[in-house]
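Fold and contact review
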Amino acid sequence: MRILLYRGDGVIEAWARDFAAELPHAETVVWQEGERAAPCDYAVLWAPTPALLDQLWNVKAIFLMGAGVDALLKFGDALPPVPIVRLGDAGMAEQMADYVAHAVLRYFRRFDDYERQAREGLWRPLALQDKKTFTVGVLGLGKLGAPVVRTLRQLGFPVRGWSRTPKDLPGVACYAGMDQLDDFLAGTRVLVCMLPLTPETGNLLDRARLSRLPEGAYLINVARGALVAEPDLLALIRAGHIAGATLDVFRNEPLPAPHPFWGEPRITITPHISALTLREEAVRQIAAKIKLLDQGETVADVVDLQRGY
Ligand code: NDP
Ligand code: OXD
């Protein structure tokens, strides 16, 4: 069996070493731009070029080194007609839960305000907010969203969730579909975005939808920047309707130097790190799926091209 490896954004050698350890009978081939790929059974990649995709029409499956598939699906008709398999959790859910819990607690306990006060030399206790009414709403209840919801419940927050298809999660008020989105937003104090970027979800959080949130609501986006209409968010923060945001993802990454988000103190910025791919866990998961496919079995996390995730 031959496995082609490629990472458009970084080093691949350690991946090749780990695959060799997990699948000792497989030959791993690191593809370089400008090369003609040797015939391969599987490709494992991230951020491919059109030239690479063009050479993958005969592989049995393409595996992604990440959870989001938007950057691959944008190739449309140029995509090889083979199954595309993304990572399912692979250690990312715990990181997401840590990140979101931190951001929610930081806003709930007013640590931003205390930091500002400390810089001004102010010793001033602020009113404690009421946790019973401090509802956190999570958009997206999938491999990453569902564990985040569980963590928020454990922290004692009222939690509501929104997905495409109806869900039944213990202790969570579940909403589904566009028809229920406005109601979901109207009762959400902190909105956490964990949706895939698809033709249906792009710009979902525009001025109209963000305005449905109650005054003083807070946004945490750990999914994809293009889910949010950035100028609308900024305008609503400046108008005081949205209290602030913690953003890990942006329409253009790295966030360009002159972007107004950089200068807005109510926006906390991190560089797309809320859940990093853990190489060893990812290789273990992909290798296990390759073994299953090779035995003619089905695997989880195959992307549905119609849905776009
Ligand atoms: P999943 O595919 O497991 O879950 C997606 C969830 O979104 C599902 O609950 C799905 O609903 C819901 N959804 C999709 N489309 C719609 C829609 N039109 N309306 C309502 N709900 C919808 O994805 P993951 O949880 O694994 O990952 C989510 C996203 O997180 C990834 O797509 C990626 O963009 C982002 N990500 C970001 C990282 C970072 O470091 N910032 C790292 C990893 C991922 P249903 O359950 O009904 O299908
Ligand atoms: C992913 C990501 O989708 O890193 O895995 O954003």
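Treat the numbers as computed from the prediction; the structure is a model and nothing was measured.

Conventions used here
- Residues numbered from 1 in each chain as written.
- Chains lettered and ligands numbered in written order.
- Predicted model: local features only at pLDDT ≥ 70, side-chain atom pairs only at ≥ 80, totals over all residues.
- Heavy atoms only, no water.
- Salt bridge = Lys/Arg side-chain N within 4 Å of Asp/Glu carboxyl O.
- Helix = DSSP H or I, 4+ residues; strand = E, 2+ residues; numbered from the N terminus.
- Buried < 20%, exposed > 50% of the residue type's maximum accessible area, 1.4 Å probe, protein only.
- Axes fitted to C-alpha atoms, helices over the stretch in contact; angles between N-to-C directions.
- Parallel < 35°, antiparallel > 145°, perpendicular 65-115°, else oblique.
- Left-handed = near helix turned anticlockwise from the far one by under 90°.
- Contact = heavy atoms within 4.5 Å.
- Nonpolar A, V, L, I, M, F, W, Y, C, P; charged D, E, K, R; others polar.
- 1 Å grid on protein atoms, 1.4 Å probe; cavity = no way out; pocket = protein on both sides within 12 Å on 5 of 7 lines; lining within 4 Å.
- Points joined across faces, edges and corners; volume = space filled by probe spheres on them.
- Pairing = 2+ DSSP bridges.
- Domains from an automatic or database assignment.
- Buried area = accessible area lost by both parts, 1.4 Å probe.
- Polar contact = N/O pair within 3.5 Å; in protein donor to acceptor, adjacent residues only side chain to side chain.
- Near = heavy atom within 4 Å.
- Areas by Shrake-Rupley, 256 points an atom, 1.4 Å probe, with all protein chains shown as cover.

**A few points about the pattern of salt bridges**
One side chain can pair with another of opposite charge once the charged atoms of both are near each other. Scanning the entire structure with this criterion turns up 18 salt bridges. Between Arg224 and Asp70 there is a salt bridge, and its shortest N-O distance comes to 2.9 Å. With Arg224 in the loop between strand E10 (217-221) and helix H9 (230-238) and Asp70 in helix H3 (residues 70-73), this residue pair connects regions lying 154 residues apart in the sequence. Overall, the relative accessible area of 19% leaves Arg224 in the buried class. As a salt-bridge pair, Arg238 and Glu264 come within 3.7 Å of each other at their nearest N and O atoms. Of the two residues, Arg238 is situated in helix H9 and Glu264 in the loop between strand E11 (242-247) and strand E12 (267-269); the sequence distance between them amounts to 26 residues. On the basis of relative accessibility, which here comes to 4%, the residue Glu264 falls in the buried class.

**Describing the packing of helix H4 (residues 92-108) against helix H6 (residues 145-154)**
Running from amino to carboxyl end, H4 crosses H6 at an angle of 45°, the nearest separation of the two axes being 9 Å. Overall, the two elements H4 and H6 adopt an arrangement that is oblique. Here H4 runs over H6; the crossing is right-handed. Side by side, H4 and H6 meet where Ala93, Met96, Ala97, Val100, Ala101 and Val104 of the first sit next to Pro147, Val148, Thr151 and Leu152 of the second. Grouping the constituent residues of the contact of H4 with H6 by class yields nine nonpolar, one polar and no charged.

**Thoughts on empty space enclosed by the protein**
One pass over the full model with this rule turns up one cavity of 30 Å³ or more. By volume, the largest cavity amounts to about 40 Å³. Asn221, Gly225, Val228, Glu230, Leu233, Leu247, Val249, Phe250 and Phe261 are the residues that line the largest cavity. Its residues placed into classes, the lining of the largest cavity shows six nonpolar, two polar and one charged.

**Examining the sheet that holds strand E4 (residues 61-64)**
Within a sheet, neighbouring strands are paired by backbone hydrogen bonds and run either parallel or antiparallel to one another. If you walk across this open sheet you meet the five strands as E2-E1-E3-E4-E5, and the pairing is parallel. Two strands lie at the open edges of the sheet, namely strand E2 (27-30) and strand E5 (84-85), each paired on one side alone. Inspection of the sheet shows strand E1 (residues 2-7) paired to strand E3 (residues 42-46) by five bridges, in the parallel sense. Residue Arg7 lies in a different strand from E3, and its bridge partner there is Trp46. Relative to the sheet, helix H10 (residues 279-294) contacts E1, E3, E4 and E5, its axis offset from that of E4 by approximately 165°.

**Section: the sheet that holds E11**
With parallel pairing, seven strands are arranged side by side in an open sheet as E8-E7-E6-E9-E10-E11-E12. Only two strands of the sheet have a single partner each, and these edge strands are strand E8 (172-176) and E12. Along the sheet, successive strands turn relative to each other by an average axial angle of 15°, direction set aside. Direction of pairing for E11 relative to E12: parallel, over a ladder of three bridges. Counterpart to Ala245 in the pairing with E12 is Ile267. Across the sheet, H4 is in contact with strand E6 (136-139), strand E9 (190-193), E10, E11 and E12; its angle to E10 comes to roughly 160°.

**Concerning the domain arrangement of the protein**
In terms of domain boundaries, the protein breaks down into domain 1 (2-90 + 277-294) and domain 2 (92-269). Computed over C-alpha atoms, the centres of domain 1 and domain 2 are 32 Å apart. Of the roughly 730 Å² buried between domain 1 and domain 2, counting both surfaces, carbon and sulfur atoms make up 55%. Broken down residue by residue, the surface that domain 1 buries against domain 2 is led by Ala67, Asp70 and Asp89, which jointly contribute 59%. Taken together, domain 1 and domain 2 are joined by three residue pairs in polar contact (both at pLDDT 80 or more).

**Comments concerning the site of ligand 1**
Close to ligand 1 lie 30 residues; Arg86, Lys143, Thr165, Lys167 and Tyr309 are nearest. A distance of 2.8 Å is found between an oxygen atom of ligand 1 and a side-chain nitrogen or oxygen belonging to Arg86. A distance of 2.9 Å separates a nitrogen atom of ligand 1 from a polar backbone atom of Val222. Relative to its free-state accessible area of 950 Å², ligand 1 is covered by the protein chains to the extent of 93%. Classifying every residue of the shell around ligand 1 gives 14 nonpolar, nine polar and seven charged. Taken domain by domain, the makeup of the shell around ligand 1 includes at least three residues from each of domain 1 (2-90 + 277-294) and domain 2 (92-269).

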